[in-house]
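# Examining the three-dimensional arrangement
One-letter residues, chain by chain:
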Amino acid sequence: ARVATASTADDLEDLAADEVLIRVMVAGVNGGADTFSVTRAAAEATDIKLGAEGVGVVVAAGAEADYAAGDRVAFIGGGYSEYTRVKARLCNAVDEGGDAAEQTAARVSGLTAAVALGHTAPVTSGDVVVVTACCGATGSFAVQLAKAAGASVVGTVGSAAKVDAAKQLGVDRVLNYRHESLADVLAAEYPGGVDVAYEGVGGALLGAVCANLKPEGRVLIVGSISQYPHNDETPHHGVEGVGDIMDDVFRPGRTVELPNGGRLIGNVWGDAFSTGVLPAFRDRLYADLAAGEIRALVDGTRFCGVSE
């Protein structure tokens, strides 16, 4: 990656009718989304804007953009910039009095969970829902949304500090996978099986979920942290008939039928774009955020920028 410079004067001159120029207030560090953007790009692609999600103030709007200078918006794309030019359709107005960091987290991480658990694999009262990495950006939203739907939530974490955070989110059964086996806990404490899993770790945790999935249960694949480049080796999940989770399921957005009738869902957005339901989920999510009915876990460490 490199630090690039650009002229806001050029951005204003090049601003299309359906674009807005935004002064960035807060950018979300969404490593998964940025990684996916890069790995899905063509081999010869250059100048990929990093920073998947952010909140900022509109400084200029094209003639067809439904925004005006001074509007605060959440947006997708180019967050790691002082100013970013994006399509107006990738923005949504947010409460000027709200916490910009929480509003940023909701734009991709929160909305992914809202659509996945409310539309693609709807959670209903009484369901058993497993959320791996339940204190992560999207996992923390998934916990709260599942609880709001009346589910019993099992959440995995990897440290003692996160155990407390998970309990505060409302997780019913918190499991530190470094000290307990998810497979053993599910088999002993939830013998009826898992209805829905929101799974972003892969490896043994994915295998444990699939081994304890109800017939017709659904596993929403939101990533596979165990396969990210910082890992020395890739642990295998051991799920019968399933190959590499990222290459064979997640990236192509495939749905895989499991031997017991359950499903691995690689595209957690489902048909939310084609059916036009996504804006309703987004608006409901931001309304709940503004009302304090849902919250984002925000790292309070102050970040002061990068140097070339």
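Let us look at the structure shown here.

The rules behind these values
Throughout, a residue's number is its position along its own chain's written sequence, starting from 1. Per-residue local features are limited, in this predicted model, to residues with pLDDT of at least 70; the limit for side-chain atom pairs, both in listing and counting, is 80 or more; totals at the level of whole chains, interfaces and linings are taken over all residues. Side-chain measures were taken over the full set of non-hydrogen atoms in the model, leaving aside hydrogen atoms and water. The way it works is that DSSP assigns letters per residue, a run of H or I at least four long becomes a helix, a run of E at least two long becomes a strand, and they are numbered from the N terminus. Contacts are residue-level and defined by heavy atoms, with any inter-residue pair within 4.5 Å sufficient. Centres within 6.5 Å are what make two rings of Phe, Tyr or Trp a pair, Trp counting through its six-membered ring; a difference in plane orientation under 30 degrees is then read as stacked, over 60 as edge-to-face, and the rest as tilted. Buried, partly exposed and exposed residues are distinguished by accessible area as a fraction of the type maximum, computed with a 1.4 Å probe on protein chains only: under 20%, between the cut-offs, and over 50%, respectively. Throughout this description, a polar contact denotes any pair of N or O atoms lying within 3.5 Å of each other; where both atoms belong to protein, one of them has to be capable of donating a hydrogen while the other can accept it, and for residues adjacent in sequence the pair is counted only when both atoms sit in side chains. Nonpolar core, defined: a set of buried Ala, Val, Leu, Ile, Met, Phe, Trp, Tyr and Cys residues in which side-chain atoms within 4.5 Å join the residues together.

This part is about the side chain of Q103. Its place among the elements puts Q103 in helix α3 (residues 100-120). What Q103 contacts, discounting residues up to four positions off in sequence, is V55, R72, A74, V94, D95, G98, Y286 and L289.

We now examine the packing of aromatic side chains. Given two aromatic rings, one states the distance between the centres and the angle between the planes to describe the pair. Summed over the entire model, instances satisfying the criterion amount to 1 aromatic pair. Ring geometry for W269 versus F273: centroids 5.5 Å apart, planes at 50°, classification tilted. Since its relative accessible area comes to 21%, W269 is described here as partly exposed. The class for F273 is exposed, based on a relative accessible area of 57%.

Moving on to unusual backbone geometry. Residue A133 is not a glycine yet carries a positive backbone phi of 50°. The class for A133 is partly exposed, based on a relative accessible area of 25%. In this model, E216 sits at a positive phi of 75°, which is unusual for a non-glycine residue. Exposure remark for E216: the relative accessible area of 56% places this residue in the exposed category.

Position of T84 among the secondary structure elements: in strand β4 (residues 83-87). At a separation of 3.4 Å, a polar atom in the side chain of T84 contacts the main-chain carbonyl oxygen of G77.

What follows is about the nonpolar core. Counting 42 residues, the largest nonpolar core has V131, C134, F141, Y198 and L220 as the members making the most contacts within it. Elements supplying a minimum of two residues to this core: α3, β6 (128-131), α4 (137-148), β7 (152-157), α5 (160-169), β9 (194-199) and α9 (278-291). For this core, the element with the highest residue contribution is α3, accounting for 8 residues. Excluding residues that lie within four positions of it along the chain, C134 makes contacts with G139, S140, V143, G155, T156, V157, A166, L169 and V171. With 28 residues, the next largest nonpolar core counts V154, L213, I221 and V239 among its residues.

Note that every value here comes from positions in space, so none of it alone points to a role or purpose.
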